[in-house]
Amino acid sequence: MLTTAALLMALAVTVPASSRRPDPALIRTYMARVKAEPVAWAKRALGFTCWSKQAQVLNALGPGGQNYVAVPSCNSAGKTHFVPAIALWFLNCHYPAQVILTSASWQNISRQNWPKFRLIRQNRLACPEIVQTGRFHDSSGNCEWTWDGEHGIYCVSPDHPEVAGGYHAAGGILWIIDEASGLDPKLEAAIYGCLASGNGKVLMIGNPLAPSGPFFEACREAERNGNTGRWYRVKISAYDCPAFTGREPLVPGLATPEWVEGVMRDKYGEGSPDYTARVLGEFPTEDQFTLIALHVVRAAVARSPESYESLHDKIKAGAADTWPRSLGVDVARGHGRDKTVFTPRIG
């Protein structure tokens, strides 16, 4: 129970110096208070101020709230910075509990998500007690922050869905799926398998890039049922951000009119898939002549184990002389704006 004692101190609830173990009644009081006030706790304990849409998501996961929350969001809505606040809030009002984080790629977890947890741990002024407790594993293949055995935050690579089915905790479990448009159905099945005991929650969050797949289906179900069914949707558009509404203080890093009008609208156009997903926070409709969907191409790029430069150097050095050769051909239709395209492949 050392972790709970430390977190009690982070909330300015004192434990007598002579006590080796905090009073269970005090722990229950603390956890109930944190659960009831998620937005206030994030501010007090982490120094994290939620803007209105972030507060809506956090409250949706709170007491009397939802077990399944989907957040299709524009770019620059504070998603990545928000995930650690959600994870640590959940661990402070459920014990023993587990938060499992996954994303479209391990690269996204290790380079985008996990550095935000590392920053919280290093920021001793913002959170003096939490950061000094627990075992923090921070390596290329293992990112986790654990306390008291099974209580902690664990990261799961989307490349290994078979290892995702073993997470269970008596106090509760929260799956956070970042960049949820890239969620593999196999990993989705493993996630639902972890919720068999009935004390789990799922949060899907990301740009709505793909009009198919688990994230799309969850959002469509919530929209169809008016947020009264299993899934609850919180859509975040760039036009919801403070720089557009003027109803709350500006938050550095959130979407701005200059980005929407000077970059996205001019470069892609209002009706484009990128504008629809990255500005409006809505799922695009693929063009009728599309052969390979945009999200499939992006997923393939994210899975690439080597850079173009690395492969090019190997080919120049002769390492590819024995690699198989093939030719890809995309034959154009007899009408429309398609063109026939040839592409060679080595390897």
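Student: Whenever I open this one, the nonpolar core confuses me. Can you help?
Tutor: Side chains of nonpolar character tend, in soluble globular proteins, to be buried together. Judged by nonpolar contacts, the single largest core of 59 residues is most densely connected at Trp-41, Ile-86, Phe-117, Trp-145, Ile-153 and Ile-176. Here this core takes 10 residues from helix H5 (residues 79-93), the largest share from any one element. Not counting chain neighbours up to four residues away, the residues in contact with Ile-86 comprise Val-57, Leu-58, Leu-61, Leu-174, Ile-176 and Leu-203. Among the nonpolar cores identified, the runner-up in size contains 26 residues, and Ile-100, Val-156, Trp-175 and Phe-215 belong to it.

Student: So what exactly am I meant to see when it comes to the packing of helix H2 (residues 24-36) against H5 here?
Tutor: Relative placement of two packed helices is described by the angle separating their axes and the distance separating the axes. Look at H2 against H5: their axes get within 8 Å of each other, and the N-to-C directions meet at 145°. Crossing hand, H2 versus H5: left-handed. Across the interface between the two elements, Tyr-30, Met-31, Val-34 and Lys-35 of H2 pack against Trp-89, Asn-92 and Cys-93 of H5. Taken together, the residues of the contact of H2 with H5 break down into 5 nonpolar, 1 polar and 1 charged.

Student: Explain the packing of aromatic side chains to me, please; I cannot follow it from the model alone.
Tutor: Each aromatic ring pair is characterised by the separation of its centres together with the angle its planes make. Tallied over the entire structure, the rule returns 11 aromatic pairs. Aromatic side chains Trp-89 and Phe-90 sit 6.4 Å apart centroid to centroid with 65° between the ring planes, which places their arrangement in the edge-to-face category. Across this residue pair, the class does not change: Trp-89 and Phe-90 are buried. Within the aromatic cluster, the residues linked to one another by ring pairs are Tyr-68, Tyr-192 and Trp-231. The ring of Tyr-268 carries the charged tip of Lys-267 above its face, separated from the ring centre by 5.6 Å.

Student: Can you walk me through the pattern of salt bridges in this structure?
Tutor: Summed over the entire model, instances satisfying the criterion amount to 7 salt bridges. For the salt bridge of Glu-37 with Arg-33, the shortest nitrogen-to-oxygen distance reads 3.9 Å. When its relative accessible area of 32% is taken as the criterion, Glu-37 is described as partly exposed. In this structure Arg-33 comes out as partly exposed when scored by relative accessible area, which is 37%. With a shortest N-O distance of 3.7 Å, Glu-282 and Lys-235 are connected by a salt bridge.

Student: Would you explain unusual backbone geometry in this entry?
Tutor: For residues besides glycine, phi is generally negative; the peptide bonds are generally trans as well. Tyr-95 connects to Pro-96 through a cis peptide bond whose omega is -10°. By the secondary structure assignment, Pro-96 is in the loop between H5 and strand S2 (97-102). If you check the backbone angles, Ser-76 has positive phi at about 55° while not being a glycine. Counting through the fold element by element, Ser-76 comes out in the loop between strand S1 (68-72) and H5. Accessibility expressed as a relative area gives 35% for Ser-76, which makes it partly exposed. Its identity is not glycine, yet Glu-179 carries a phi of approximately 45°, on the positive side. Tracing the sequence through the fold places Glu-179 in the loop between strand S6 (172-178) and helix H7 (185-193).

Parameters at a glance
Residues numbered from 1 in each chain as written. Predicted model: local features only at pLDDT ≥ 70, side-chain atom pairs only at ≥ 80, totals over all residues. Heavy atoms only, no water. Core = buried A, V, L, I, M, F, W, Y, C linked by side-chain atoms within 4.5 Å. Buried < 20%, exposed > 50% of the residue type's maximum accessible area, 1.4 Å probe, protein only. Helix = DSSP H or I, 4+ residues; strand = E, 2+ residues; numbered from the N terminus. Contact = heavy atoms within 4.5 Å. Axes fitted to C-alpha atoms, helices over the stretch in contact; angles between N-to-C directions. Left-handed = near helix turned anticlockwise from the far one by under 90°. Nonpolar A, V, L, I, M, F, W, Y, C, P; charged D, E, K, R; others polar. Phe/Tyr/Trp six-rings, centres within 6.5 Å; stacked < 30°, edge-to-face > 60°. Lys NZ or Arg CZ within 6 Å of the ring centre and 35° of its normal. Salt bridge = Lys/Arg side-chain N within 4 Å of Asp/Glu carboxyl O.

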